[in-house]
Amino acid sequence: MTQQVEIRANFGGPGAAQEALRKLQALRAFEVNGLYENGLLTATVDEDVVERAVHMIEEIGGRSQTETIG
């Protein structure tokens, strides 16, 4: 069974956070929420897509932290 990882990310603005939201949903994130208008989001993903998700966040210009849960 794979573990889930929480990714907390911040971006320079709401447009980048919204783009990340859409792309994380395409990666089948379990949950994505945050204060998009402030450029903040939190996503929960399977550990097998964490590297892709973090790379995507960095490509958009965001910074992220990860934490394994469960």
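The following paragraphs examine the structure supplied in this document. (Residues numbered from 1 in each chain as written. Predicted model: local features only at pLDDT ≥ 70, side-chain atom pairs only at ≥ 80, totals over all residues. Heavy atoms only, no water.)

**So, the overall build of the protein**
We apply this condition: Per the convention used, a helix needs a DSSP run of H or I reaching at least four residues, while a strand needs a run of E reaching at least two, with both numbered from the N terminus. Restricting the calculation to C-alpha atoms gives the radius of gyration, and the globule rule supplies 2.2 Å times the number of residues raised to the power 0.38. Partly exposed residues are those whose accessible area sits between 20% and 50% of the maximum for their type, while under 20% is buried and over 50% is exposed, using a 1.4 Å probe and protein chains only.
What the protein contains, in helices and strands, is two helices and four strands. The globule rule puts the C-alpha radius of gyration for 70 residues at 11 Å, and the 11 Å found for the protein is close to it. By its C-alpha atoms, the protein is 35 × 20 × 20 Å across when sized along the principal axes. Within the span of the protein, comprising 70 residues, buried residues form 37% of the whole.

**Some words on the sheet that holds strand S3 (residues 40–46)**
Definition in use: Strands were regarded as paired on the criterion that DSSP finds at least two bridges between them. Only C-alpha atoms enter the line fits that serve as axes; for helices the fit covers just the stretch in contact. Angles between N-to-C directions range over 0 to 180 degrees. When checking whether two residues touch, look at their non-hydrogen atoms; a contact exists if any pair is within 4.5 Å.
Taken together, the four strands give an open sheet; going across it, the order is S2-S3-S1-S4, and neighbouring strands pair in antiparallel fashion. Pairing within the sheet leaves two strands with one partner each, and these edge strands are strand S2 (31–33) and strand S4 (63–69). Here the strands of the sheet are splayed against their neighbours by 15° on average, with no regard to which way each runs. Sheet topology note: the strand S1 (residues 4–10)/S4 ladder contains seven bridges and is antiparallel. Across the sheet, Ile7 pairs through a bridge with Thr66, a residue of S4. Against the sheet, helix H1 (residues 14–26) contacts S2 and S3, and its axis sits at roughly 15° relative to S3.

**Some words on the pairing of S1**
The side-chain alternation of S1 yields one buried face, formed by Val5, Ile7 and Ala9, and one unburied face, formed by Gln4, Glu6, Arg8 and Asn10. As paired elements, S1 and S3 share seven bridges and run antiparallel to each other. Paired with Asn10 across the two strands is Leu40, which belongs to S3.

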